[in-house]
Amino acid sequence: MPYAMTGFTVRDHRVQVPVDWSAPDRFGSIEVFARELVDPEKASDDLPLLLFLQGGPGHHGPRPLGGGWVAAALEKYRVILLDQRGTGRSSPLDGRVIGGLPDAARAADYLACFRGDAIVADAEHLRTTVFGGRRWATLGQSYGGFLTLTYLSRHPEALTRCYVTGGLPPATATAEDVYAATYRRQAARNRELARLYPSDVALLGSIAHDLGSTVLPTGEPLTVERLQQLGQPLGMSTGLDEVHWLLDTARTPSGDLSDAFLASVVRSTGFESGPLYAVLQEVIYHQGSREPGWAAQAEHDRWPSFAAGARPLQLTGEAVFPWMYEQHRVLRPFRGAAEELAGRTEWPALYDLDRLAANEVPVAAVQYYDDPYVDLDLALATSVGNLDVWITNEHLHDGLRVAGDTILPRLFDIAAGKARVTGR
């Protein structure tokens with residue numbers, strides 16, 4: 001039954017899908033959940049559909065509070081917010097689920113079923129069963145843009161238009177290529193932090209020096225490596241300021257690390273809200289044959305300036321390292337499976353490059369010059385037909401969140417041929 005919230009009416013949808021679309025009997029089925037929003041004044045109108053593909057991997061769809069890009073989208077669409085498999089209300093995948101599998105190899109096989117190809121298959125099942133096979137548009141934020149190109153590779157006939165914000169994937173690049181590029185951009189964000197807040201750099205160094213056997217409120221150790229994880233939001237519009245204000249109350253008047261700071265470290269660096277984000281972080285790039293190993297760790301080792309003992313202390317970005325499966329308690333059940341996945345040398349393709357090059361579905365994308373999460377040069381290396389890219393330095397990776405009410409209408413106009421792209 002539909003129910004009302006401020007600014008929109010909501011209807012919930014649930015469908016059953018196989019864990020493994022290629023072998024439906026292998027692992028049984030899971031539930032996939034989606035939330036449909038509509039402007040109450042247009043609830044009876046025959047509006048087009050817009051599927052929102054969330055960033056991630058391993059994050060559920062947004063829980064809307066009104067305003068922002070959702071309000072802009074509701075002016076012309078019914079908006080479908082998908083909780084991607086294994087997240088939110090779509091059979092959430094956590095350590096208890098993985099712990100119920102017989103061994104690490106079986107757990108790795110299970111986790112390999114949670115990539116973009118399966119998410120797109122889920123979306124297609126939702127479209128054909130719940131929405132009667134009606135074609136829809138997609139809006140892909142970050143990893144949602146990766147899913148968009150997988151969708152265009154497999155089911156272009158299902159799509160009317162595609163909008164992408166900070167998420168054109170490096171479809172021809174390896175995970176190793178990705179980290180080589182993004183480490184350079186993260187180093188630049190560290191330089192910007194040092195320029196704006198030089199005293200924070202000294203403070204980070206002193207905190208690292210004094211950690212010793214410091215324990216977080218969760219009972220986990222606060223190591224220098226985990227302290228460096230505070231750099232993950234540096235690619236967001238407010239990321240530099242967030243780090244600055246977090247450090248503002250790091251020490252008590254007596255010089256100890258404050259309880260408030262330690263609690264903030266847990267919130268900022270933990271994976272409790274989405275362990276799949278860590279487990280799938282490199283897996284989303286693998287296609288075809290590859291050398292075994294941890295791509296981010298290998299790149300990290302090529303940067304002595306990012307070493308835990310280096311000073312000034314450099315903050316790391318969107319990367320997952322083997323040590324996390326020991327230091328983060330929520331990731332410990334995934335450790336064996338993660339090692340199995342890192343060792344795999346053959347992976348199915350996620351993109352059909354020929355089909356993408358010949359694409360006829362209008363695609364309007366915005367990409368950000370200084371984004372350390374999705375490298376601009378790698379994003380533009382993939383040939384996609386009927387693609388218009390707006391390139392800007394007005395925003396960082398979270399442009400849709402902080403300025404969606406202006407970004408999304410422009411993408412609508414670009415896809416409709418009503419606005420020109422000047423950035424490419």
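Keep in mind that what you see is a predicted model, and the values were worked out from it rather than measured.

Student: Can you help me understand the overall build of the protein in this one?
Tutor: Of the regular secondary structure elements, the protein holds 17 helices and 11 strands. Since a compact globule built from 424 residues should have a radius of gyration of about 22 Å, the 22 Å found for the protein is in line with a globular shape. Across its three principal directions, the C-alpha atoms of the protein cover 65 × 50 × 45 Å. Here the protein, with 424 residues, has 56% of them falling under the buried criterion. A total accessible area of about 17,200 Å² is found for the protein, and carbon and sulfur atoms account for 50% of it.

Student: Please explain the sheet that holds strand β6 (residues 136-141) as it appears in this structure.
Tutor: By definition, the strands of a sheet pair up through backbone hydrogen bonds, in either a parallel or an antiparallel sense. Read from one edge of the open sheet, 9 strands run β1-β2-β3-β5-β4-β6-β7-β10-β11, paired in mixed fashion. This sheet does not close on itself; its edge strands, each paired only once, are β1 (3-5) and β11 (387-392). Strand-to-strand twist across the sheet, computed as the mean angle between neighbouring axes with direction ignored, equals 25°. Two elements, strand β2 (residues 8-18) and strand β3 (residues 29-38), share 10 bridges in a ladder whose sense is antiparallel. When the bridges of β3 are listed, V17 appears paired with I30. Contacting β2, β3, β4 (49-53), β5 (78-83) and β6, helix α4 (residues 116-129) crosses the sheet at an angle of about 115° to β2. Here helix α17 (residues 399-415) sits on the sheet in contact with β4, β6, β7 (159-165), β10 (363-368) and β11, set at roughly 140° to β10.

Student: Even after reading the chapter, I still don't get the packing of aromatic side chains, so can you show me in this structure?
Tutor: Between two aromatic rings, the relevant description is the distance of the centres plus the angle of the planes. Throughout the structure, instances matching the rule amount to 15 aromatic pairs. Within the aromatic cluster, the residues linked to one another by ring pairs are Y143, F146, Y179 and Y285. The side chain of R85 reaches across the aromatic face of F114, ending 5.3 Å from its centre.

Student: What exactly am I supposed to notice about the environment of T182 here?
Tutor: With respect to the secondary-structure elements, T182 resides in helix α6 (residues 175-196). In contact with T182, not counting residues within four places along its chain, are P372, Y373 and D375.

Student: Sorry, what's going on with α17 here?
Tutor: In an α-helix, one turn spans 3.6 residues; hence positions three or four apart end up facing the same way. Given a rise of 1.5 Å per residue, 17 residues ought to cover 24 Å, yet the end C-alpha atoms of α17 are separated by just 18 Å, more than 12% below that figure. Along its length, α17 shows its largest kink, about 75°, at D405, and proline P409 lies within four residues downstream of that point. Inspection of α17 places G399, L400, A403, G404, I407, L408, L411, F412, I414 and A415 among the buried residues, and these make up the whole buried set. The secondary structure elements touched by the buried residues of α17 are β4, α1 (68-74), β6, β7, β10 and β11.

Student: Quick question: what am I supposed to make of the nonpolar core here?
Tutor: It is characteristic of soluble globular proteins that their nonpolar side chains tend to be buried jointly. Residues L111, F114 and W136 are the most contacted members of the largest nonpolar core, which totals 86 residues. Beyond its immediate chain neighbours, meaning those up to four positions away, F114 contacts V19, I30, R85, G86, L93, I119, L276 and L280. Formed by 28 residues, the second largest nonpolar core is a distinct cluster that contains F52, A73, Y163 and L400.

Student: Sorry if this is basic, but what is going on with the packing of helix α3 (residues 104-111) against helix α14 (residues 335-343) here?
Tutor: A pair of packed helices is characterised by two quantities: the angle between their axes and the separation of those axes. Where α3 contacts α14, the axes come no closer than 8 Å and their chain directions differ by 70°. When the interaxial angle is binned, α3 and α14 end up roughly perpendicular. Our pair here, α3 against α14, has a crossing hand that is right-handed. Of the residues in α14, those in contact with A104, A105, A107, A108 and L111 of α3 are G336, A337, E340 and L341.

Student: Looking at this structure, I do not really get the pattern of salt bridges. What am I missing?
Tutor: Pairing is possible between side chains that carry opposite charge, provided their charged atoms lie close to one another. All told, the structure shown has 20 salt bridges when counted by the stated rule. Salt-bridge contacts for D12 lead to R89; the nearest nitrogen and oxygen are separated by 3.8 Å. Of this pair, D12 sits in strand β2 while R89 is found in the loop between β5 and α2 (95-99), placing the two residues 77 residues apart along the sequence. The exposure class of D12 is partly exposed, given its relative accessible area of 22%. The partner of R290 in a salt bridge is E176, with the nearest N and O atoms 3.6 Å apart. Within this pair, whereas R290 is found in the loop between β8 (288-289) and α12 (295-301), its partner E176 is found in helix α6, the two being separated by 114 residues in sequence. Under the relative-accessibility criterion, R290 is labelled buried at 12%. Residue classification places E176 among the partly exposed positions, given a relative accessible area of 31%. When salt bridges that share partners are traced, they join D20, R26, D109 and R344 into one network.

So, how was this worked out
- Sequence order as written defines the numbering, with residues in each chain counted from 1.
- The predicted nature of this model means local features are confined to residues of pLDDT at least 70 and side-chain atom pairs, given and counted, to a pLDDT of 80 or more, with totals for whole chains, interfaces and linings taken over all residues.
- The basis for the side-chain values is all heavy atoms of the structure; hydrogens and waters are excluded.
- The way it works is that DSSP assigns letters per residue, a run of H or I at least four long becomes a helix, a run of E at least two long becomes a strand, and they are numbered from the N terminus.
- A radius of gyration in this sense is built from C-alpha atoms; the matching globule rule multiplies 2.2 Å by the number of residues raised to 0.38.
- Three exposure classes are used, based on accessible area relative to the maximum for each residue type with a 1.4 Å probe and protein chains only: buried under 20%, partly exposed in between, and exposed over 50%.
- We get accessible surface area from the Shrake-Rupley algorithm with a probe of 1.4 Å; when it comes to residues, only the shown protein chains can shield them.
- Any two strands are treated as partners once DSSP identifies two or more bridges connecting them.
- Lines are fitted to the C-alpha atoms to define the axes, a helix being fitted only along its stretch in contact, and any angle between axes, read from their N-to-C directions, falls within 0 to 180 degrees.
- Should any heavy atoms of two residues lie within 4.5 Å, those residues are considered in contact.
- Two rings from Phe, Tyr or Trp (for Trp, the six-membered ring) form a pair when their centres sit within 6.5 Å of each other. Planes less than 30 degrees apart are called stacked, planes more than 60 degrees apart edge-to-face, and all others tilted.
- Lysine and arginine charges are scored as sitting over a ring when NZ or CZ, respectively, is within 6 Å of the ring centre and within 35 degrees of the ring normal.
- One fewer than the residue count of a helix, multiplied by 1.5 Å, yields its expected span.
- Here the bend at each residue means the angle between axes fitted to two seven-residue stretches, the one ending at that residue and the one beginning there.
- Among buried residues, those of type Ala, Val, Leu, Ile, Met, Phe, Trp, Tyr and Cys that are joined through side-chain atoms within 4.5 Å constitute a nonpolar core.
- Should an angle fall under 35 degrees it is taken as roughly parallel, and over 145 as roughly antiparallel, whereas 65 to 115 is taken as roughly perpendicular and any remaining angle as oblique.
- Handedness of each helix crossing follows the sense of rotation of the near helix against the far helix: counterclockwise by less than a right angle gives left-handed, clockwise gives right-handed.
- A side-chain nitrogen of Lys or Arg and a carboxyl oxygen of Asp or Glu constitute a salt bridge if their distance falls within 4 Å.

Bear in mind that shape data such as this cannot, by itself, settle questions of function.
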